[in-house]
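Here's the letter readout for the chains.
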Amino acid sequence: MPVVRRLAALTALLGPILVPGLGGGSGASHDMLPGPDAAVTRAAIAIEPSAGFKLWSPGHGPRTGFYPATSERELLLSFDDGPDLRGTPLILDELDRRGIKAIFFVTGWRLLGQRPDDVARRDLVRKIAAHGHLVANHTMNHHDLCQNPDKQAEEIDANTELIAQTTGVRPLLFRSPYGAYCQSLDAALTARQLPEIGWNIDPQDWKRDNEDAVYAYLINKVSQLKGRGIMLLHDTHAASVHALPRMLDWLARENARAVREKRAPVNLIDYSVVVPRRGITPSGLPELMGALYGEAAGSVGRYLPN
């Protein structure tokens, strides 16, 4: 009964894929991530509007277009330039404590090498992903890719592969160092189906590494927020690392007050609103399984009594 044996082998192989519960474990959410070969377009970044709210979509400052928000006021957190062995663990602990998911745009050079610190940074990136955050591409060496167009392919692709090797998941988003934008970079990212995500709240902590100044800037911008804000902080700068919990405490108090006063609170959202929706490519597996089961039924039927 060779058909039955083929069917049994195929079922054992594909069962955990077709029915995730058969495989056990808790990796269902990881398995649901879109594959690297799925089609992406820049237009797909815009989600379907659930309300009539508009916002400056994160992108390239004055070049940024409008996209719909999912609520009247919402905020997404993102962190650049890490991982940093001092700042990133503190941020992770704070986000975990509050159940917040963020995007970490990592620079690849921090993941290279075999020194203890190098290995620890790779472990830290794996921890970021394991805790449900999104690890995204911020180039290998933080070069301005519009000032250095000849380095675009190397800077983007090397970091993509390094992140994939480290976490097991290819990055779905890109952020350009310095917010650089040019046609050649746009073409390079489009060719790689890699959407770019910018920001519209930036305390420029690299310029003024002062916790109180960063905190004051953040609460001022968030208090005036309409539509969607994407906050850019650096987990490599102590001012932002220490201002973050203060800002989140303030936001919790402000949201409680807004609810009491029947005003719109600021909803903390996760990265799912900016990850492109990707269609499922037909695999042919249902047709294959149906054909094999039909063939098996015919083979088995010959051995059953009438």
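Provided above is the structure to which this section pertains.
Everything numeric here is computed off the predicted structure, so don't read it as measured data. Within each chain, residues carry numbers counting from 1 in the order of the written sequence. Residues qualify for local features only when their pLDDT is at least 70, as the model is predicted, and side-chain atom pairs are given and counted only at 80 or more; totals for whole chains, interfaces and linings, by contrast, use all residues. Excluded from the side-chain calculations are hydrogens and water; all other atoms, namely the structure's heavy atoms, are used.

> Pulling in residues and values, what's your account of the overall build of the protein?
Going along the chain from the N terminus, every DSSP run of H or I of four or more residues is numbered as a helix, and every run of E of two or more is numbered as a strand. A count of helical and extended segments in the protein gives 9 helices and 7 strands. When accessible area is computed with a 1.4 Å probe and restricted to protein chains, residues below 20% of their type maximum are described as buried, those above 50% as exposed, and intermediate ones as partly exposed. Relative to its 306 residues, the protein shows a buried fraction of 43%. Here, residues are in contact when the closest pair of their heavy atoms is within 4.5 Å. Partitioning the intrachain contacts of the protein with sequence separation of at least 6 by distance along the chain shows that 74% fall at a separation of at least 24.

> Let's hear about the side chain of Thr139: which residues, and what values?
By secondary structure assignment, the location of Thr139 is in the loop between strand 5 (134-137) and helix 5 (152-167). What Thr139 contacts, discounting residues up to four positions off in sequence, is Val106, Thr107, Gly108, Leu145, Glu155, Asn159, Phe174 and Pro177.

> Talk me through the pairing of strand 3 (residues 73-80); I want residue IDs and the actual numbers.
A large share of strand 3 lies buried, amounting to 8 of its 8 residues. Neither face of strand 3 is exposed, since Arg73, Leu75, Leu77 and Phe79 on one face and Glu74, Leu76, Ser78 and Asp80 on the opposite face are all buried. Strand pairing is defined by DSSP finding a minimum of two bridges between the two strands. Taken together, the 8 bridges between strand 3 and strand 6 (residues 227-234) define a ladder with parallel strand orientation. Paired with Arg73 across the two strands is Gly227, which belongs to strand 6. As paired elements, strand 3 and strand 4 (residues 103-106) share 3 bridges and run parallel to each other. What sits directly across from Phe79, in strand 4, is Phe104.

> Let's hear about helix 3 (residues 87-98): which residues, and what values?
Expected helix span is given by 1.5 Å per residue-to-residue step, counting one fewer step than there are residues. Over its 12 residues, helix 3 extends 17 Å from the first C-alpha to the last, a length consistent with the 16 Å expected when each residue adds 1.5 Å. The set of residues buried in helix 3 consists of Gly87, Thr88, Ile91, Leu92, Glu94 and Leu95. Seen along its axis, helix 3 keeps its buried residues to an arc of 165°; they face one direction. For helix 3, the secondary structure elements touched by its buried residues are strand 3, strand 4, helix 4 (116-130) and helix 8 (238-260). Of all possible arcs, the one meant is that of the directions from the helix axis to the C-beta atoms.

> Could you give me a rundown of the side chain of Thr107, with the residues and numbers involved?
Along the chain, Thr107 falls in the loop between strand 4 and helix 4. A residue is classified by how much of its surface remains accessible, and Thr107, at 2% relative accessible area, is buried. In this structure Thr107 touches Asp81, Gly82, His138, Thr139, Met140, His142 and Asn159, once residues within four positions along its chain are discounted.

> How would you summarise unusual backbone geometry if you had to cite specific residues and measurements?
In this chain, Gly82 is followed by Pro83 through a cis amide linkage whose omega measures 5°. Relative to the elements of secondary structure, Pro83 occurs in the loop between strand 3 and helix 3. The backbone phi angle of Asp81 is positive, close to 80°, even though this residue is not glycine. Within the secondary structure layout, Asp81 lies in the loop between strand 3 and helix 3. Its identity as a non-glycine residue notwithstanding, His142 has a phi of 60°, on the positive side. By the element assignment, His142 lies in the loop between strand 5 and helix 5. Residue classification places His142 among the buried positions, given a relative accessible area of 18%.

> Quick rundown of the pattern of salt bridges? Include the residues and the values.
A pairing counts as a salt bridge when a side-chain nitrogen of Lys or Arg comes within 4 Å of a carboxyl oxygen of Asp or Glu. If you walk through the whole model with that rule in mind, you get 14 salt bridges. For Glu94, the salt bridge is made with Arg98, and the minimal N-O distance between the two is 2.6 Å. In this pair, Glu94 and Arg98 both sit in helix 3, 4 residues apart, roughly one turn of the helix. Between Arg115 and Asp118 there is a salt bridge, with the nearest N and O atoms lying 3.1 Å from each other. A relative accessible area of 54% means that Arg115 is categorised as exposed. Take Asp118: its relative accessible area is 3%, and that puts it in the buried class. Taken together, the shared-partner salt bridges connect Glu94, Arg97, Arg98 and Asp249 into one network.

> Before we move on, can you summarise the packing of aromatic side chains with the specific residues and values?
How two aromatic rings sit relative to each other is given by the distance of their centres and the angle of their planes. For this analysis, a ring pair means two rings from Phe, Tyr or Trp (six-membered ring only for Trp) whose centres lie within 6.5 Å, classed as stacked if their planes differ by under 30 degrees, edge-to-face if by over 60, and tilted for the remaining angles. Under the defined criterion, the tally for this structure stands at 1 aromatic pair. Ring centres of Phe79 and Phe104 lie 5.1 Å apart, and the angle between their planes is 25°; this geometry places the pair in the stacked category. With Phe79 in strand 3 and Phe104 in strand 4, this pair connects stretches of sequence that are 25 residues apart. Residue classification places Phe79 among the buried residues on the basis of a relative accessible area of 1%.

> Tell me about the state of the cysteines, and please be specific about residues and values.
Pairs of cysteine sulfur atoms within 2.5 Å are identified as disulfides in what follows. Scanning the entire structure with this criterion turns up 1 disulfide. Covalent S-S linkage joins Cys146 and Cys182, the inter-sulfur distance amounting to 2.3 Å. With the S-S bond torsion at -95°, the cross-link from Cys146 to Cys182 turns out left-handed. Taken as a pair, Cys146 in the loop between strand 5 and helix 5 and Cys182 in the loop between helix 5 and helix 6 (183-191) lie far apart in primary sequence, 36 residues in all. Residue class for Cys146 comes out partly exposed when judged on its relative accessible area of 22%.

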